[in-house]
Amino acid sequence: MPRVILKYRSIAHGNMKSIYLEFNPPIHDVKGKSVRYECLNHEIYANPETCLQLKQNKAIEEVAETIRCERYLQLVRSDYSFLAKARLDEDFLEYFMQNGDCHGVKYLSSRLHFEKFCKGQCKFKDINASLCERFRLYLLRAKGLHHTKCNLSRNSASSYFNAFLSIIHFAYKDNILSEDYATMVEKIKWTHDIPKEYLSSAEIKQLASTPYDDNPDVYKAGMFSIYTGLRRSDILALRWENIHHDRGRKAYLRFCIKKTGALVQLPLSLPAVRVLGEQQSKGKVFPMLTESILTTHVSRWVSKAKIKKHITFHCFRHTFAMQLLDKGVDIYTIAALLGHRQVSSTQNYAKITPKKVLEAILKIG
């Protein structure tokens, strides 16, 4: 069984004693660091000379004994939440970086915006519901990190704020924050009705005929997304083991969608198979790519192809959907190919098909 012992240490030239706890055996905090002592921030007179000093010593020692008993019961219950209080003076921005950047560009951008918001300084003790709300309002008015002349889109602000709130929730789960402030503030609502940028058939040919020598895998991954509709996260996680052939030697993908966890099986078109080139036996299909590489190089590739639209990697997924719509494929089939759980998600594409609008008008009369 653990032991919690009251200890004293002389301070102030021996006139006072500081009270602390000793844990035997030592315990470990959320970082895995061994903790043997806890300072209680209470002091008593080393040699009390008056009745008032004796009375004060007795009251403080009773408080210290109460804390000691409480700590013992917490250790018996394996409840180490009291250790987190010492972390309130630690750097929240460092915690954000360590626990967020590994999740990708969205979290990195969220952290960089938060650093600008708090002017590079924020400790855990500074986090509260009011600060979270002020950051929400900041994002709704903030400029982009790279395109400083334009405000963030509402959906980007929503995405970055959600990333920030998830870090706040992590800190609560790690027993650093006493309250889950992520549940106390209003989220930024995602707007589904904004136009989705995509490439036309002519622009697809234009892009396909523009090699990207700076990083050939960017070219392969982009064209593969255009021909399959795969999200960036699924492209980056794609393995050669996910590519199979049926008895007729037709290729198909079988993989779990990163966003939803759903297992899907998708046929591959000949252009998709060709862009991959010679198939390997195992390993990642695009081992050298990362989110940041795609974010940086897709825009350069599109610019090299002399396409004036603002195209991101996710626009390739929109392009896939729009190509199918323009070819008359029904919305339910497209939903299945995109891996959408609900057709309502796919219907957002159907709202912006100029070709379909024109065809409908021409049918009148």
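Computed from a prediction, not measured in an experiment: that's the story for all the values here. (Residues numbered from 1 in each chain as written. Predicted model: local features only at pLDDT ≥ 70, side-chain atom pairs only at ≥ 80, totals over all residues. Heavy atoms only, no water.)

(A) Here's a closer look at the pattern of salt bridges. The final tally for this structure, using the stated rule, is nine salt bridges. Note that Glu 133 is salt-bridged to Arg 136, the shortest N-O span being 3.2 Å. Of the two residues, Glu 133 and Arg 136 both sit in helix α4 (residues 129–141), three residues apart, roughly one turn of that helix. Residue Glu 133 is classed as partly exposed on the basis of its relative accessible area of 27%. One salt bridge connects Glu 203 with Lys 309, and the closest N-O pair in it is separated by 2.9 Å. One end of the pair, Glu 203, is in helix α6 (residues 201–208); the other, Lys 309, is in the loop between α10 (291–304) and α11 (313–326), with 106 residues separating them in the sequence. For Lys 309, a relative accessible area of 29% corresponds to the partly exposed category. Overlapping salt bridges, with partners in common, bring together Asp 101, Arg 111 and Glu 115 in one network. (Salt bridge = Lys/Arg side-chain N within 4 Å of Asp/Glu carboxyl O. Helix = DSSP H or I, 4+ residues; strand = E, 2+ residues; numbered from the N terminus. Buried < 20%, exposed > 50% of the residue type's maximum accessible area, 1.4 Å probe, protein only.)

(B) A look at the layout of surface pockets. As a volume, the second largest pocket reaches approximately 450 Å³. Surrounding the second largest pocket, 19 residues form its lining, Ile 226, Tyr 227, Ser 269, Phe 320 and Leu 324 being those nearest its centre. Sort the elements by how many residues they give to the lining of the second largest pocket and α6 lands first, with four residues. (1 Å grid on protein atoms, 1.4 Å probe; cavity = no way out; pocket = protein on both sides within 12 Å on 5 of 7 lines; lining within 4 Å. Points joined across faces, edges and corners; volume = space filled by probe spheres on them.)

(C) Summary view of helix α5 (residues 154–173). In this model, α5 (20 residues) spans 28 Å end to end at C-alpha, consistent with the 28 Å of a helix rising 1.5 Å per residue. Positioned one or two residues after α5, Asn 175 has a phi angle of 65°, which is positive. (Expected span 1.5 Å × (residues − 1).)

(D) Examining the packing of aromatic side chains more closely. In the structure shown here, the tally under the stated rule is 21 aromatic pairs. For the pair Tyr 219 and Trp 301, a centre-to-centre distance of 5.3 Å together with 55° between the ring planes defines the contact as tilted. Taken as a pair, Tyr 219 in helix α7 (residues 216–228) and Trp 301 in helix α10 lie far apart in primary sequence, 82 residues in all. Judged by centre distance (6.0 Å) and plane angle (65°), the ring pair of Trp 301 and Phe 316 falls under edge-to-face. Here Trp 301 is found in helix α10, whereas its partner Phe 316 is found in helix α11, with 15 residues between them in sequence. An aromatic cluster is present here, built from Phe 92, Tyr 95, Phe 96, Phe 114, Phe 117, Phe 124, Phe 135, Tyr 138, Phe 161 and Phe 164 joined pairwise through their rings. (Phe/Tyr/Trp six-rings, centres within 6.5 Å; stacked < 30°, edge-to-face > 60°.)

(E) Here's a closer look at the side chain of Asn 57. As for its placement among the helices and strands, Asn 57 is situated in helix α1 (residues 51–76). Among the residues examined, Asn 57 registers a relative accessible area of 7% and is labelled buried. Only 2.9 Å separates the side chain of Asn 57 from the backbone nitrogen of Tyr 45, close enough to count as a polar contact. Apart from the residues within four sequence positions on either side, Asn 57 is in contact with Ile 44, Tyr 45 and Pro 48. (Polar contact = N/O pair within 3.5 Å; in protein donor to acceptor, adjacent residues only side chain to side chain. Contact = heavy atoms within 4.5 Å.)

(F) Main features of the pairing of strand β6 (residues 263–267). Only one face of β6 is buried: it carries Val 264 and Leu 266, and the other face, with Leu 263, Gln 265 and Pro 267, is open. Here strand β5 (residues 251–256) pairs with β6 via five bridges, running antiparallel. Its bridge partner being in β6, Arg 254 is matched across the sheet by Gln 265. (Pairing = 2+ DSSP bridges.)

(G) Representation of the sheet that holds strand β3 (residues 34–45). Strands sit in the order β1-β2-β3 across an open sheet of three strands; the sheet is antiparallel. Each having just a single partner strand, β1 (3–11) and β3 make up the two edges of the open sheet. Each neighbouring strand pair of the sheet contributes to a mean axis angle of 25°, computed without reference to strand direction. Along the sheet, α1 makes contact with β1, β2 (16–28) and β3, crossing β3 at roughly 160°. (Axes fitted to C-alpha atoms, helices over the stretch in contact; angles between N-to-C directions.)

(H) Expanded view of the pairing of β2. When β1 meets β2, the two strands line up antiparallel, connected through nine bridges. Residue pairing in the sheet places Tyr 8 in a bridge with Ile 19 of β2. Counted between consecutive antiparallel strands, the loop separating β1 from β2 contains four residues, among which Ala 12 sits at a positive phi close to 50°. Of the strand pairs in this sheet, β2 and β3 are connected by nine bridges, and their pairing is antiparallel. In the strand pairing of β3, Met 16 is matched with Tyr 45.

(I) Inspection of the sheet that holds strand β4 (residues 243–245) at higher detail. The strand order across the open sheet formed by three strands is β4-β5-β6, and the pairing between neighbours is antiparallel. The open sheet terminates on both sides in strands that have one partner only, identified here as β4 and β6. For this sheet, the mean angle separating the axes of adjacent strands, direction not counted, is 30°. For β4 and β5, the ladder comprises three bridges, and the chain directions are antiparallel. Counted as the bridge partner of His 245 is Ala 251 from β5.

Coordinates in, geometry out; function isn't part of it.
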